[in-house]
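Residue-level listing of the chains:
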Amino acid sequence: MNRRLTLLSAFSFIASVWIYSQGVNNIIVHTNKIGTEIQPTMYGHFFEDINYGADGGLYAELVKNRSFEFPQNFMGWSIFGNVKLLNDGPFEKNPHYVRLSYSGHPAKSTGIENEGFFGIGVKAEQNYRFSVWARGEKQKIRVELIDNDSMGETQVLIAQELGINSKEWKKYELILTPKQTLDKSHLRIFLTSDGTVDLEHVSLFPTDTWKGRENGLRKDLVQALADTKPGVFRFPGGCIVEGTDLTTRYNWKNSVGPVENRPLNENRWHYSFQHRFFPDYFQTYGMGFYEMFLLAEDMGAEPLPVLSCGLACQFQNTDEDAHVKLSDLKPYIQDALDLIEFANGSTDTKWGGLRAEMGHPEPFNLKFIGIGNEQWGPEYPERLKPFVEAIRKEYPDMKIIGSSGPNSEGKDFEYLWPEMKKLKVDLVDEHFYRPEEWFLNSGNRYDNYDRKGPKVFAGEYACHGKGKKWNHFYASLLEAAFLTGVERNADIVYMATYAPLLAHIEGWQWRPDLIWFDNLRSVRTCSWYVQYLYGHNKGTNVIPLTMNNKAVSGQDGQNGLFASAVLDKDDNTYILKVVNTSDKGQKLNIEFKGIKKSLAITDGKCITLHSDNLDAENTLDDPNRIIPIEKSISVDDNVLNTEIEKMTFAVYKFKLSKK
Ligand code: AHR
């Protein structure tokens with residue numbers, strides 16, 4: 001018996017040497033070693049109002065500066081005739097409104113026109129809900145969608161009259177259904193009677209929002225988020241959490257309650273980069289924390305809010321005084337405790353009651369909270385500490401996320417990780433916007449991380465390719481390669497989110513981004529497809545996968561290959577992800593070792609993402625240039641012999657069934 005075994009192992013050794021000498025990569029999937037559980041939160045989304053991601057993007061409001069609260073109150077509007085701005089309106093936190101009065105001559109019109117966000121995109125035969133708060137007696141306005149770009153002439157796409165007859169402020173609505181599609185229409189309102197009307201909170205939404213909600217979100221964009229099956233949804237940023245100064249930090253309490261009374265906030269992305277200056281970029285908070293919790297719930301993702309730790313953006317503020325003193329931190333900590341109450345508290349609490357009033361009596365089951373975004377220096381841990389103590393005291397089960405700063409390594413990173421361990425946070429947020437080389441060399445980043453400390457949240461990452469190509473195929477291929485290392489180390493990495501998420505093609509500040517859009521269309525980038533393939537093939541447990549007894553992480557001698565394997569217990573499926581970053585096709589001999597005799601790996605499928613042109617990208621005009629292709633694939637005696645094309649991300653899936 002022993003002799004037989006020795007002979008067998010000698011044979012298999014010779015076979016593997018032979019295979020190797022034939023230029024075959026001999027990979028073993030150790031199916032008898034079911035490894036660590038993969039967290040349901042593993043692949044998710046990072047959302048921030050950057051690149052017109054919320055206002056002008058995901059938030060489906062089509063009117064810019066609807067409450068006349070921008071510092072230049074008529075920004076986004078043109079006015080004609082007898083129009084006045086007043087500031088004793090019905091909404092305390094947005095007091096401005098306009099008064100339209102008869103010009104004194106029937107030929108001289110009075111009115112206002114809104115340009116939207118890079119125009120107002122409307123589709124033929126779709127309904128748009130116009131609403132306005134107004135007061136006036138026996139007055140009339142005409143509401144129009146117009147095309148004033150074509151050949152210098154204004155064409156009215158659709159117009160409707162609205163009677164205003166209330167002394168007191170009242171909300172009025174009508175539906176506009178244009179007959180033609182136009183990406184850059186304008187909204188125009190004329191006073192058509194001979195008196196005075198006051199108008200406030202002038203709004204226009206498609207009725208066909210995500211789930212048909214009023215004050216809703218743009219359907220195609222939410223669909224693109226939901227389609228990756230995200231396990232976690234981080235919001236509201238990013239740097240906007242911190243603010244350029246503390247008064248402009250994201251204040252969640254201002255983002256809940258009736259939309260009309262959510263005060264405007266500056267958006268730091270309007271001026272952060274002078275070469276991408278957008279003076280009309282503000283946060284209306286129309287898509288606030290309630291809407292973000294709801295979105296996470298809709299997508300089946302864990303909500304992960306991140307709050308200010310009392311430090312204003314440290315890039316922009318070197319002065320100590322810009323930050324909250326430790327002795328004044330209490331209200332910030334209270335904000336965090338109140339947010340947990342808003343999300344989870346019973347309806348008879350102050351903040352849980354507000355959640356119920358807004359339409360969600362059931363709790364949102366918040367489990368994670370981030371404190372601080374990209375912070376550094378001793379000023380961060382000393383502020384984080386009292387947050388951790390207070391949250392632990394009231395909500396011992398809440399998972400707290402601390403930051404390791406803006407860099408993936410280096411002085412701040414080295415300093416903060418031990419500090420986070422001392423504070424015993426549950427997860428540490430790491431950010432890496434890094435070049436191609438970094439991604440190629442980081443397949444084993446997490447292999448030797450300390451297993452006893454906090455877990456990792458790879459909270460913002462993207463491969464920043466060279467040259468002019470930004471969302472090109474090669475960058476996404478390297479992200480796929482890097483993620484094999486994340487997956488392999490699922491015992492320490494609990495979450496990973498690409499960043500940023502959304503970008504308006506005319507209004508971006510930062511790229512690459514996961515999804516691009518204009519006023520009517522959106523495109524899923526190659527990086528999106530990588531997220532999609534990981535999100536849909538997450539599995540439940542890691543299975544060790546080796547080549548020459550080593551993890552396959554693109555190291556020397558591994559032919560540019562990166563690979564990981566998981567088992568999906570719910571589906572009895574083995575899923576292998578292999579990324580060939582080399583410029584040659586690679587032969588693969590993949591052995592599923594340890595399969596019980598009564599069971600077999602049956603034929604499965606192989607899904608590949610590939611482009612012959614590494615610089616190619618999906619665009620709004622050519623959105624399906626690079627998409628996954630699925631083929632059937634056969635295994636023979638639990639061994640898969642195949643070849644992975646050069647520069648390809650492949651997902652192999654096999655069912656485990658009874659013989
Ligand atoms: O994702 C863009 C920005 O990158 C985020 O706001 C910030 O956290 C990081 O610097």
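Residues numbered from 1 in each chain as written. Predicted model: local features only at pLDDT ≥ 70, side-chain atom pairs only at ≥ 80, totals over all residues. Heavy atoms only, no water.

Undergrad: Help me understand the overall build of the protein chain in this model?
TA: Counting its secondary structure elements, the protein chain contains ten helices and 33 strands. Each of the three principal axes of the protein chain carries a C-alpha extent, and together these read 110 × 60 × 45 Å. Residues classed as buried in the protein chain amount to 60% of the 659 residues present. Considering only intrachain contacts with a sequence separation of at least 6, the fraction spanning at least 24 residues in the protein chain is 76%. On the protein chain, the mean spot of the 75 positive side-chain charges and the mean spot of the 87 negative ones are 5 Å from each other. (Helix = DSSP H or I, 4+ residues; strand = E, 2+ residues; numbered from the N terminus. Buried < 20%, exposed > 50% of the residue type's maximum accessible area, 1.4 Å probe, protein only. Contact = heavy atoms within 4.5 Å. Lys, Arg positive; Asp, Glu negative; His and termini not counted. Charge placed at Lys NZ, Arg CZ, Asp CG, Glu CD.)

Undergrad: Is there a simple way to think about the sheet that holds strand β1 (residues 24-30) in this case?
TA: Either a parallel or an antiparallel arrangement is found when strands of a sheet pair, and the pairing is made through backbone hydrogen bonds. A sheet is described by the order of its strands in space; here four strands give the open sequence β25-β1-β28-β32, paired in mixed fashion. Whereas interior strands pair on both sides, the edge strands pair on one side only; in this sheet they are β25 (545-547) and β32 (639-644). Recorded for the sheet is a direction-independent mean angle of 25° between the axes of neighbouring strands. (Pairing = 2+ DSSP bridges. Axes fitted to C-alpha atoms, helices over the stretch in contact; angles between N-to-C directions.)

Undergrad: Sorry if this is basic, but what is going on with the pattern of salt bridges here?
TA: It is possible for side chains of opposite charge to pair when their charged atoms get near one another. The tally for this structure, following the rule as stated, stands at 37 salt bridges. The partner of Glu 506 in a salt bridge is Lys 184, and the shortest N-O contact between them spans 2.8 Å. Of the two residues, Glu 506 is situated in the loop between β21 (502-504) and β22 (515-517) and Lys 184 in strand β10 (residues 182-191); the sequence distance between them amounts to 322 residues. Overall, Glu 506 belongs to the partly exposed group, its relative accessible area being 34%. Notably, a salt bridge pairs Arg 218 with Asp 220, separated by 2.8 Å at the nearest N-O pair. Taking the relative accessible area as the measure of exposure, Arg 218 reaches 14% and is therefore buried. Classification of Asp 220 as partly exposed rests on a relative accessible area of 25%. A cluster of three or more residues bridged by salt bridges with shared partners is formed by Arg 129, Lys 171, Glu 173 and Glu 214. (Salt bridge = Lys/Arg side-chain N within 4 Å of Asp/Glu carboxyl O.)

Undergrad: Even after reading the chapter, I still don't get helix α4 (residues 330-344), so can you show me in this structure?
TA: Side chains three or four residues apart in an α-helix point the same way, a direct result of the helix having 3.6 residues per turn. A rise of 1.5 Å per residue sets the reference length of α4, with its 15 residues, at 21 Å; its end C-alpha atoms lie 21 Å apart and thus fit the reference within 8%. Within α4, eleven of the 15 residues are buried, leaving the element largely enclosed by the surrounding structure. Residues Tyr 332, Ile 333, Asp 335, Ala 336, Leu 337, Asp 338, Leu 339, Ile 340, Glu 341, Phe 342 and Ala 343 constitute the buried set of α4. Its buried side turned inward, α4 meets α3 (289-299), β15 (302-307), α5 (350-357), β16 (368-371) and α6 (379-394). (Expected span 1.5 Å × (residues − 1).)

Undergrad: How should the pairing of β32 be read in this particular structure?
TA: On a regular strand, each side chain points to the face opposite its neighbour's, so the side chains alternate between the two faces of the sheet. Here β32 shows one buried face, formed by Leu 640, Thr 642 and Ile 644, and one open face, formed by Val 639, Asn 641 and Glu 643. Bridge analysis of strand β28 (residues 586-593) against β32 gives six bridges, and the strand direction is antiparallel. What sits directly across from Gln 586, in β32, is Ile 644.

Undergrad: Help me understand the side chain of Lys 653, please; the structure alone is not making it clear to me.
TA: Tracing the backbone shows Lys 653 in strand β33 (residues 648-658). Of the side chains with opposite charge, Asp 571 lies nearest to the buried Lys 653, which makes no salt bridge, at 5.7 Å. When near neighbours in sequence (up to four residues on either side) are disregarded, Lys 653 contacts His 536, Asn 537, Thr 573, Tyr 574, Ile 575, Gly 604, Lys 605 and Ile 607.

Undergrad: Looking at this model, I keep getting lost on the pairing of strand β11 (residues 196-206). Mind explaining?
TA: In terms of burial, β11 is a largely internal element, ten of the eleven residues being buried. As paired elements, strand β8 (residues 128-147) and β11 share seven bridges and run antiparallel to each other. Bridging from a neighbouring strand, Arg 129 pairs with Phe 205 of β11.

Undergrad: Just to check I follow, could you spell out helix α10 (residues 526-536) for this structure?
TA: α10 sits mainly inside the fold: nine of its eleven residues count as buried. Three or more residues of α10 are buried, namely Cys 526, Ser 527, Trp 528, Tyr 529, Val 530, Gln 531, Leu 533, Tyr 534 and Gly 535.

Undergrad: Explain the site of the ligand here, please?
TA: The full set close to the ligand counts 13 residues, and Glu 48, Cys 239, Glu 374, Tyr 433 and Glu 460 are the nearest of them. Within the side chain of Asn 373, a nitrogen or oxygen atom sits 2.9 Å from an oxygen atom of the ligand. A distance of 2.6 Å separates an oxygen atom of the ligand from a polar atom in the side chain of Tyr 433. The protein chains hide 97% of the 280 Å² of surface that the ligand would expose on its own. Split into classes, the residues belonging to the shell around the ligand amount to seven nonpolar, three polar and three charged. (Near = heavy atom within 4 Å. Polar contact = N/O pair within 3.5 Å; in protein donor to acceptor, adjacent residues only side chain to side chain. Areas by Shrake-Rupley, 256 points an atom, 1.4 Å probe, with all protein chains shown as cover. Nonpolar A, V, L, I, M, F, W, Y, C, P; charged D, E, K, R; others polar.)

Undergrad: Can you walk me through the layout of surface pockets in this structure?
TA: Of the voids in this model, the second largest pocket is the one considered here, and its volume is about 340 Å³. Surrounding the second largest pocket, 21 residues form its lining, Gly 121, Pro 206, Arg 218, Asp 220 and Asn 519 being those nearest its centre. Its residues assigned to classes, the lining of the second largest pocket comprises eight nonpolar, seven polar and six charged. (1 Å grid on protein atoms, 1.4 Å probe; cavity = no way out; pocket = protein on both sides within 12 Å on 5 of 7 lines; lining within 4 Å. Points joined across faces, edges and corners; volume = space filled by probe spheres on them.)

Undergrad: I keep staring at the environment of His 464 and nothing clicks. Help me out?
TA: Within the secondary structure layout, His 464 lies in the loop between β19 (455-463) and α9 (473-488). Put simply, His 464 and Asn 165 are 299 residues apart on the chain and 57 Å apart in space, counted from C-alpha to C-alpha. In this structure, His 464 is in contact with Tyr 433, Arg 434, Pro 435, Glu 436, Trp 510, Arg 511 and Pro 512, ignoring residues within four places of it in sequence.

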